[in-house]
Amino acid sequence: PPPSGAISLWSAAATPAAFATNDPSSVELGMRFRSDVAGTVTGVRFFKGATTTGTHTGTLWSVSGTRLATATFTNETKSGWQQVTFSTPVSIAANTVYVVSYHTNVGNYAYTSAYFASKGVDNTPLHGPASGAVSGGNGVYRYATSSVFPTSTFNANNYWVDVVFAPR
């Protein structure tokens with residue numbers, strides 16, 4: 001669970017439609033989000049299927065692609081929600097879009113096809129908007145051997161990446 005006082009978009013019980021793709025490529029997977037209030041992002045969560053092995057890094061980005069924080073996941077369980085905490089929390093502004101992502105070297109990531117096509121996800125004050133509500137769509141990815149800003153979208157897929165946020 002998120003640290004005391006922190007919230008995320010998805011509950012611990014939320015799960016993807018598919019726990020793993022047949023895509024073994026190195027890829028950065030993420031989502032765009034915003035908060036109604038200012039606060040701090042303390043970390044990143046992602047849903048891991050049993051075949052999503054290897055090293056994973058979580059990153060917070062500005063919507064323009066500036067890396068604001070990154071951390072490497074440790075002590076991962078075989079599957080389920082994984083969480084990493086940044087060494088320094090990052091202050092974010094209210095009503096501003098940010099991107100949260102994780103990088104996997106082995107692919108096989110969890111996803112739900114077309115999740116963001118007609119709806120978003122809300123856990124007030126956090127919002128993961130539907131693809132039509134944010135420039136460039138939601139559910140973002142980019143193939144690369146190391147962590148890079150994810151800018152592509154495909155079918156408004158949800159890659160089950162989440163933010164850990166502490167409101168002010």
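Residues numbered from 1 in each chain as written. Predicted model: local features only at pLDDT ≥ 70, side-chain atom pairs only at ≥ 80, totals over all residues. Heavy atoms only, no water.

**Q** Sorry, what's going on with the nonpolar core here?
**A** Across soluble globular proteins, you tend to see nonpolar side chains buried next to one another. Residues Leu9, Trp10, Leu29, Met31, Phe33, Val41 and Leu60 are the most contacted members of the largest nonpolar core, which totals 36 residues. If you list the elements that add at least two residues to this core, you get β1 (27-35), β2 (39-48), β4 (67-72), β5 (80-92), β6 (98-104) and β11 (161-167). Contact partners of leucine 29, with chain neighbours within four places excluded, come to Val100, Ser101, Tyr102, Thr104, Tyr109, Val140, Tyr141, Tyr159 and Val161. (Core = buried A, V, L, I, M, F, W, Y, C linked by side-chain atoms within 4.5 Å. Buried < 20%, exposed > 50% of the residue type's maximum accessible area, 1.4 Å probe, protein only. Helix = DSSP H or I, 4+ residues; strand = E, 2+ residues; numbered from the N terminus. Contact = heavy atoms within 4.5 Å.)

**Q** Got a minute to help me understand the environment of proline 129 in this structure?
**A** In this fold, proline 129 is placed in the loop between β8 (126-128) and β9 (140-143). The exposure class of proline 129 is buried, given its relative accessible area of 15%. In this structure, proline 129 is in contact with Arg32, Phe33, Phe116, Gly120, Val134 and Asn138, ignoring residues within four places of it in sequence.

**Q** What exactly am I supposed to notice about the sheet that holds β11 here?
**A** Paired through their backbone hydrogen bonds, the strands of a sheet run either parallel or antiparallel. Sheet architecture is open: three strands sit in the order β5-β2-β11, paired in antiparallel fashion. Looking at which strands have only one partner, the edges of the open sheet turn out to be β5 and β11. Within this sheet the neighbouring strands show an average axis-to-axis angle of 25°, counted without direction. In this structure, β2 lies alongside β11, joined through seven bridges in antiparallel fashion. The partner of valine 44 across the bridge, within β11, is valine 163. (Pairing = 2+ DSSP bridges. Axes fitted to C-alpha atoms, helices over the stretch in contact; angles between N-to-C directions.)

**Q** Would you take a moment to explain the pairing of β1 for this structure?
**A** One face of the sheet, then the other: side chains in a regular strand alternate in exactly this way. Counted residue by residue, β1 has eight buried out of nine residues, so it is predominantly covered. Here seven bridges tie β1 to β6, and the two strands are oriented antiparallel to one another. Residue pairing in the sheet places glutamate 28 in a bridge with histidine 103 of β6. Relative to β9, β1 is paired through four bridges, and the arrangement is antiparallel.

**Q** Is there a simple way to explain the pattern of salt bridges in this structure?
**A** In a structure, side chains of opposite charge can pair up when their charged atoms sit close to one another. With the rule as written, the count across this model stands at three salt bridges. Taking the shortest distance from any N to any O, the salt bridge between arginine 34 and aspartate 36 comes out at 2.8 Å. Given the relative accessible area of 27%, arginine 34 is considered partly exposed. Residue aspartate 162 is joined to arginine 45 by a salt bridge in which the shortest nitrogen-to-oxygen separation is 2.8 Å. You can see aspartate 162 sitting in strand β11 and its partner arginine 45 sitting in strand β2, a full 117 residues away along the chain. (Salt bridge = Lys/Arg side-chain N within 4 Å of Asp/Glu carboxyl O.)

**Q** Hey, could you run me through the packing of aromatic side chains in this one?
**A** Here a ring pair, both rings aromatic, is described through the centre-centre distance and the interplanar angle of the planes. A full pass over the atoms with the stated rule returns 15 aromatic pairs. Ring geometry for phenylalanine 46 and tyrosine 102: centres 4.0 Å apart, planes at 15°, overall stacked. Of this pair, phenylalanine 46 sits in strand β2 while tyrosine 102 sits in strand β6, placing them 56 residues apart in sequence. Where tyrosine 141 meets tyrosine 143, the ring centres are 5.6 Å apart and the plane angle is 70°; that geometry is what we call edge-to-face. Its end group placed over the ring of tyrosine 115, lysine 119 keeps NZ or CZ at 4.6 Å from the ring centre. (Phe/Tyr/Trp six-rings, centres within 6.5 Å; stacked < 30°, edge-to-face > 60°. Lys NZ or Arg CZ within 6 Å of the ring centre and 35° of its normal.)

**Q** Sorry if this is basic, but what is going on with the pairing of strand β3 (residues 56-62) here?
**A** Along β3, seven of the seven residues are buried, which leaves the element largely enclosed by surrounding structure. Neither face of β3 is open: one carries His56, Gly58, Leu60 and Ser62, the other Thr57, Thr59 and Trp61, and all of them are buried. Strand direction decides the pairing type here: β3 and β6, joined by seven bridges, are antiparallel. Pairing of glycine 58 across the sheet is with tyrosine 102, part of β6.

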